[in-house]
Amino acid sequence: MDVPTTQIDIERQPFSFPLPSSPATLPARLSYDGKAITIDHWGNEAPKTGRDSAKFWAGAGGYPGAALAKDALELIRQCEGDLAADPFNVPARQSSSFRFDWRRDYVPLDVGFSLNAHSGDRFCMVGYPIVEVLAAIGLTHARPKRPNRESKLEYLYGVIGVRSGMELLDPIFLRAALGGSDLPFDQRFFRMRLDWPGQENQARMYYDC
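Presented here is an overview of the structure given in this document. (Residues numbered from 1 in each chain as written. Predicted model: local features only at pLDDT ≥ 70, side-chain atom pairs only at ≥ 80, totals over all residues. Heavy atoms only, no water.)

## Thoughts on the pattern of salt bridges
Argument step 1. Inspection of every chain in the model, using the stated rule, returns 4 salt bridges.
Argument step 2. The salt bridge involving Glu-74 is made with Arg-77; its shortest N-O contact spans 3.0 Å. Taken together, the residues span about one helical turn, with Glu-74 and Arg-77 both in helix α2 (residues 65–78) at a distance of 3 residues.
Argument step 3. You can call Glu-74 partly exposed: its relative accessible area is 32%.
Argument step 4. The exposure class assigned to Arg-77 is partly exposed, which follows from its relative accessible area of 36%.
Argument step 5. For Arg-103, the salt bridge is made with Asp-101, and the minimal N-O distance between the two is 2.7 Å.
Argument step 6. On the accessibility criterion, Arg-103 (29% relative accessible area) is partly exposed. (Salt bridge = Lys/Arg side-chain N within 4 Å of Asp/Glu carboxyl O. Helix = DSSP H or I, 4+ residues; strand = E, 2+ residues; numbered from the N terminus. Buried < 20%, exposed > 50% of the residue type's maximum accessible area, 1.4 Å probe, protein only.)

Set out below in structure tokens:
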């Protein structure tokens, strides 16, 4: 399976957000056969752009989002079989991630121990890198919203549908629906709860919907 390359986008000016103060916040650009997709949602800061970054992994100046994207693509390259047949269930040993897929994460207080306390191959985290990359790309164009700006552990998102026989809606409406906007279409809204897998106000993980 051909997988696009990843590079840190340091040439494009201006960015879709204010000039980052740290290289860890630089966007990533997936390039293949003359086409490119930019991933940059982690660079948004609500006070400056009005958009929530939906950044769930820890460290403002820590491991860059571009590096997480690169790591996920490397894992996809190593996966065997027909990935397109069931892309959302392709597993891989994944030590770090964007934390978009709850199947990889856990809350130590819930399970009774922390994997960080165990070295070697006795335990390993199994993630789903295709899900991670697709989610990161999607967040570049649309975000769920936090109904309570004081809470970092709850998001609201929506979906819209069409009745039988109708044409599919333009992606611009799908993106608006994801952000919880009221639209003149059939809609359903969901609330997503997060939790702190470690120290409060650092990394967040999907917990319940």
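## Quick word on the packing of α2 against helix α4 (residues 129–141)
Argument step 1. Relative to each other, α2 and α4 sit at 140 degrees, their axes nearing to 9 Å. By the criterion of interaxial angle, the relationship of α2 to α4 is oblique. Considering only the axes of α2 and α4, their crossing is left-handed. Residues Ala-72, Leu-73, Leu-75 and Ile-76 of α2 lie in contact with α4, whose contacting residues are Pro-129, Ile-130 and Val-133. (Axes fitted to C-alpha atoms, helices over the stretch in contact; angles between N-to-C directions. Parallel < 35°, antiparallel > 145°, perpendicular 65-115°, else oblique. Left-handed = near helix turned anticlockwise from the far one by under 90°. Contact = heavy atoms within 4.5 Å.)

## A word on the packing of aromatic side chains
Argument step 1. Taken as a whole and assessed by the stated rule, the structure comprises 8 aromatic pairs.
Argument step 2. With a centroid separation of 6.0 Å and an interplanar angle of 75 degrees, the aromatic rings of Trp-42 and Trp-57 are classed as edge-to-face. Pair noted here: Trp-42 is in the loop between β3 (35–39) and α1 (46–49) and Trp-57 is in the loop between α1 and α2, with a separation of 15 residues, a long-range link. Of the two residues, Trp-42 and Trp-57, neither departs from the other in class, the shared state being buried.
Argument step 3. When the centroid spacing of 5.7 Å and the interplanar angle of 70 degrees are considered together, the rings of Phe-56 and Phe-100 count as edge-to-face. You can see Phe-56 sitting in the loop between α1 and α2 and its partner Phe-100 sitting in the loop between β4 (92–93) and α3 (108–111), a full 44 residues away along the chain.
Argument step 4. Here Phe-56 falls in the buried class, since its relative accessible area comes to 5%.
Argument step 5. Positioned above the aromatic ring of Trp-57 is the side chain of Lys-55, whose terminal nitrogen or guanidinium carbon lies 4.5 Å from the ring centre. (Phe/Tyr/Trp six-rings, centres within 6.5 Å; stacked < 30°, edge-to-face > 60°. Lys NZ or Arg CZ within 6 Å of the ring centre and 35° of its normal.)

## Considering the pairing of strand β2 (residues 28–32)
Argument step 1. Relative to β3, β2 is paired through 5 bridges, and the arrangement is antiparallel. Within β3, the position partnered with Arg-29 by the bridge is Thr-38.
Argument step 2. If you look at the hairpin formed by β2 and β3, you'll find 2 residues sitting between the two strands, and Asp-33 has a positive phi there, around 55 degrees. (Pairing = 2+ DSSP bridges.)

Without other data, these values stay purely geometric and don't point to any function.
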